[in-house]
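Okay, here's what each chain looks like letter by letter:
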Amino acid sequence: MNKEEIDLFIESNLLNFSVNSTGWNELIRKLLFEFAVAGWNMEHRVFGKEKFGELRCYTYSEDETLNNKLKNIKDKYSELSVKTCEICGSEGKMRTVGSWQTTLCLAHFLEQQPVIEIDNRQNVRKNNKTILNIKNIIKAEVEYDLQRLWLYTNQEDGFYFSWQEPNYYLLLKKIALLLFPEDIRHKISELFQSLKDCEICGYKALHQSNCLRCHHEPWRDSGYFIENYKDKSNYIKECQMDIFIDEDDYEKYFKHDRAFEKSPGHQILFTSDDLREYEKLLF
């Protein structure tokens, strides 16, 4: 076994991996190199694919000792894959795009998750492309407790929007109530009329038992809240630190959101010392 043989084995089997882009190519090359060094018969092909945002490799050998070595190698690169952007190979994390799990860096995640924009002419745009004009909507429908929106400019084709997209609630608010089914109009109207200030994120986005902006629950003097946080200020402080740390890049994505008003007099309860101590617990 020489370098040329290993290089040929790697490059020929790289094509057997069904992945979304080229960001994992270097991981796959290293995996295949370790297969060769471990004793894999290089005349046999190796196959793999992306599944649920993770690199999966499928092999089998009748040699139990070799199988154990291969399993360790496969586990190693599966773990590395969920920290590596599938598109560019830079540092990434597992994310949800639509209903799909994928591993992306922040830049490529934002490319995959377009922001809803509404201009002064009531054009609804994504990725700088006009999708529709609000004036042309003839019918609107909502699903899943107002978290999914379908807009129609003709009788057949609809445009889909989700609460997971920045400015979703801004768009929902701009649609004339008469375009929705009669039994849902009051629910939509009530949502926007009943919004309260969220003490955690500082936006007027609190609806019933959940903030539509930061998704935290308001403090309650009972049960879980008392047991875990003792008092209201501790709860708000920890939630605010989670928002600031922004481990899932939610705030970086939602910085474009204009759906909710900023609350006057909102207070940040944590200090820099609090944040350092909290990060020690997390990381």
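Calculation rules
- Residues numbered from 1 in each chain as written.
- Predicted model: local features only at pLDDT ≥ 70, side-chain atom pairs only at ≥ 80, totals over all residues.
- Heavy atoms only, no water.
- Helix = DSSP H or I, 4+ residues; strand = E, 2+ residues; numbered from the N terminus.
- Contact = heavy atoms within 4.5 Å.
- Core = buried A, V, L, I, M, F, W, Y, C linked by side-chain atoms within 4.5 Å.
- Buried < 20%, exposed > 50% of the residue type's maximum accessible area, 1.4 Å probe, protein only.
- Pairing = 2+ DSSP bridges.

Can you explain the environment of Tyr-152? Please cite residues and give values.
Along the chain, Tyr-152 falls in strand E10 (residues 148-152). In sequence terms Tyr-152 and Met-241 are 89 residues apart; their C-alpha atoms lie 41 Å from each other. Excluding its chain neighbours within four sequence positions, the residues that come into contact with Tyr-152 are Asn-136, Ile-137, Ile-138, Lys-139, Glu-141, Asp-157 and Gly-158.

Describe the nonpolar core, and please don't skip the residues or the numbers.
Membership of the largest hydrophobic core comes to 41 residues, with the highest contact counts inside it found for Leu-149, Leu-151, Phe-161, Tyr-169, Leu-171, Leu-172 and Phe-180. Secondary-structure elements contributing two or more residues to this core are strand E9 (139-143), E10, helix H5 (168-174), helix H6 (182-193), strand E13 (204-207), helix H7 (223-229) and helix H8 (232-245). Residues within four places of Leu-149 in sequence aside, it is in contact with Glu-141, Val-142, Phe-159, Tyr-160, Phe-161, Tyr-168, Leu-171, Leu-172 and Phe-180.

Outline the sheet that holds strand E6 (residues 117-118), supporting the account with residue identities and numerical values.
Pairing is antiparallel in the open sheet, where three strands are placed in the order E6-E7-E8. Each end of this open sheet is capped by a strand with a single partner; those strands are E6 and strand E8 (129-133). Taken together, the four bridges between strand E7 (residues 123-126) and E8 define a ladder with antiparallel strand orientation. Bridge pairing in E8 places Asn-123 opposite Asn-133.

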